[in-house]
Amino acid sequence: MSVRPVRGTVDLFPEEFRRHSRVIDAARGLANVYGYGEIQTPIFEFTEVFARTLGDVSDVVTKEMYTFEDRGGERITLRPENTAGVARAFISAKLQNDLPLKYFYAGPMFRYERPQKGRQRQFHQIGVELFGVPGPSGDVEVIALAAQILDQLEMLQHCVLNLNTLGDTESRQAYRTALVEYFSDYKARLSDDSVARLEKNPLRILDSKDQSDKEIVNRAPSFDGYLTASASEFFSAVREGLDDLGIAYELNPRLVRGLDYYCHTAFEFVTDALGAQGTVIGGGRYDGLIGMMGGPETPGVGWAGGIERLAMLAEQTLPKLELPSPIALIPIGGVAERALKKYAFSLRAKGIPTDIAFSGNLKRRMQRAGRMGAKVAVIVGDDELQAKKATLRDMDTGAQEEVMLDNLVERLVEL
RNA sequence: GUGCCCAUAGCUCAGUUGGUUAGAGCGCCUGGUUGUGGUCCAGGAGGUCGCCGGUUCAAAUCCGGUUGGGCACCCCA
């Protein structure tokens, strides 16, 4: 039997999981403040849910999905992202009369990718979806929520908000045609990757990091000239909204999305503190998605954030995580142990972190108390039991005092 | 999927042009203290050198493959 975890997966032991938790807790807390209730959709869906919506040219669908046939012969896929799942849930429950709707989620996602720092095959995302708000205030709200979460994690100042518009369908169609026309002239000088993108997703060429591609890209037609008046107006309103809130951003015309259902606003919070995988939160508007899935035409806007990446950044920005130091109960002998278990029970009922070791002599239990960072140890042996007292030891100073057992819980609550 | 780099004790690492029983620090265990941790002192356990094969009288060291990891590309969160 192989005892190692599957490539690209990790075990999150408590210390590491706490780093995740504080990211999730901050996000969930603020999402609730904004009125985004938490939703949990299944981690697997019928394959079409993703295949249909993510586009059949996206890398996620063509080479990164965990797809299998279950015992009933259904084509199943482990979710590579959660927007499609939440949209499907919205359609399944026929919630179109309850708009607008706001959802927050946190959970595992699965993509068959080559693992590296900030990229695993099972990874975790937080995210929000806002359904039924067609105007730019929806975009502004979800971006504001993201910014405030980052701010609460004290990493907003280490991130740059990149902002772009993908326009409406009409704009994108026109621009796409113009790009294909332009790049086709340079086909011989483009990188192989970009030549392939010319057919599949010419917008992506704009994002190429290839040196000679970049030169060609620099002289490529810009989107501005192809934006319809209404798309342009929409984008201005988003920028105005962000300005009003004092949320800084940088316009990045090269910011495009790999997933086909995006339109209008695209944004990413990016940091340079994590190496190559610097996008910490990314999202945008996806007005066509729900209709494309067979639901009633419903606008949507949202984002997802990588918990592992956020947790890594938080390591740099937040103070070290400290565990509450427990009270260590240290019995000597079976009679004392029975007595102290009852005290542990009532201390814990009051929410006071309490440790009582299951075995070991006094020395070993003291060691354990020290290792756990206990601030006080309660020692009870035959001597103390007879006198109905306990010995309290201050683990920092070594000072000891005696307390009547009757007052023990009361005294410990004070500390 | 592509390129480059890496793999020695639980952890972080050293190991000379290939040469006898592979080392250090931290951690762990025992004792000094049969009712006192964290400090100190003394001692101890722990490694088929990732795995498979090859070269050689001899391989942790050289070569090939493989698995895992890191970085970049790709892609994205």
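These notes cover the structure that comes with them. Every value quoted in this text rests on a predicted model; they were computed, and no experiment measured them.

What counts and how
- Residues numbered from 1 in each chain as written.
- Chains lettered and ligands numbered in written order.
- Predicted model: local features only at pLDDT ≥ 70, side-chain atom pairs only at ≥ 80, totals over all residues.
- Heavy atoms only, no water.
- Pairing = 2+ DSSP bridges.
- Helix = DSSP H or I, 4+ residues; strand = E, 2+ residues; numbered from the N terminus.
- Contact = heavy atoms within 4.5 Å.
- Axes fitted to C-alpha atoms, helices over the stretch in contact; angles between N-to-C directions.
- Polar contact = N/O pair within 3.5 Å; in protein donor to acceptor, adjacent residues only side chain to side chain.
- Buried < 20%, exposed > 50% of the residue type's maximum accessible area, 1.4 Å probe, protein only.
- Lys, Arg positive; Asp, Glu negative; His and termini not counted.
- Salt bridge = Lys/Arg side-chain N within 4 Å of Asp/Glu carboxyl O.

Pairing within the open sheet is mixed, and its eight strands lie in the order β1-β5-β6-β11-β10-β9-β7-β8. In the strand order of this sheet, the two ends are held by β1 (37-38) and β8 (250-251), each with one partner. As defined by bridge partners, strand β10 (residues 279-285) adjoins strand β11 (residues 300-306) across five bridges and the pair is classed as antiparallel. Counted as the bridge partner of Gly283 is Trp303 from β11. Sheet strands in contact with helix α5 (residues 136-152) are β5 (101-110), β6 (122-131), β7 (159-165), β9 (263-271), β10 and β11, and its direction is about 10 degrees off that of β9.

We now examine the side chain of Thr265. When you line up the elements, Thr265 lands in strand β9. Of the polar contacts made by the side chain of Thr265, one reaches the side chain of Asp139; its length is 2.6 Å. When sequence neighbours within four positions are dropped, the list of residues in contact with Thr265 reads Asp139, Ile143, Leu163, Asn164, Thr165, Phe234, Val238, Gly283, Gly284 and Arg285.

The residue Glu308 is located in helix α11 (residues 307-317) in this model. Notably, Glu308 is buried but unbridged: the nearest opposite-charge side chain belongs to Arg309, and the N-O separation is 7.3 Å. Apart from the residues within four sequence positions on either side, Glu308 is in contact with His20, Gln120, Gln122, Phe123 and His124.

Another point: the pattern of salt bridges. Tallying each qualifying case throughout the model produces 17 salt bridges. Among the ionic pairs, Arg22 bridges to Glu315, the shortest N-O distance being 3.1 Å. Pair noted here: Arg22 is in helix α1 (residues 14-33) and Glu315 is in helix α11, with a separation of 293 residues, a long-range link. Glu401 is the partner of Arg411 in a salt bridge, and the nearest nitrogen-oxygen pair spans 2.8 Å. Here the residue Arg411 occupies a position in helix α15 (residues 408-414), and Glu401 occupies one in strand β16 (residues 400-404), the gap between them amounting to ten residues.

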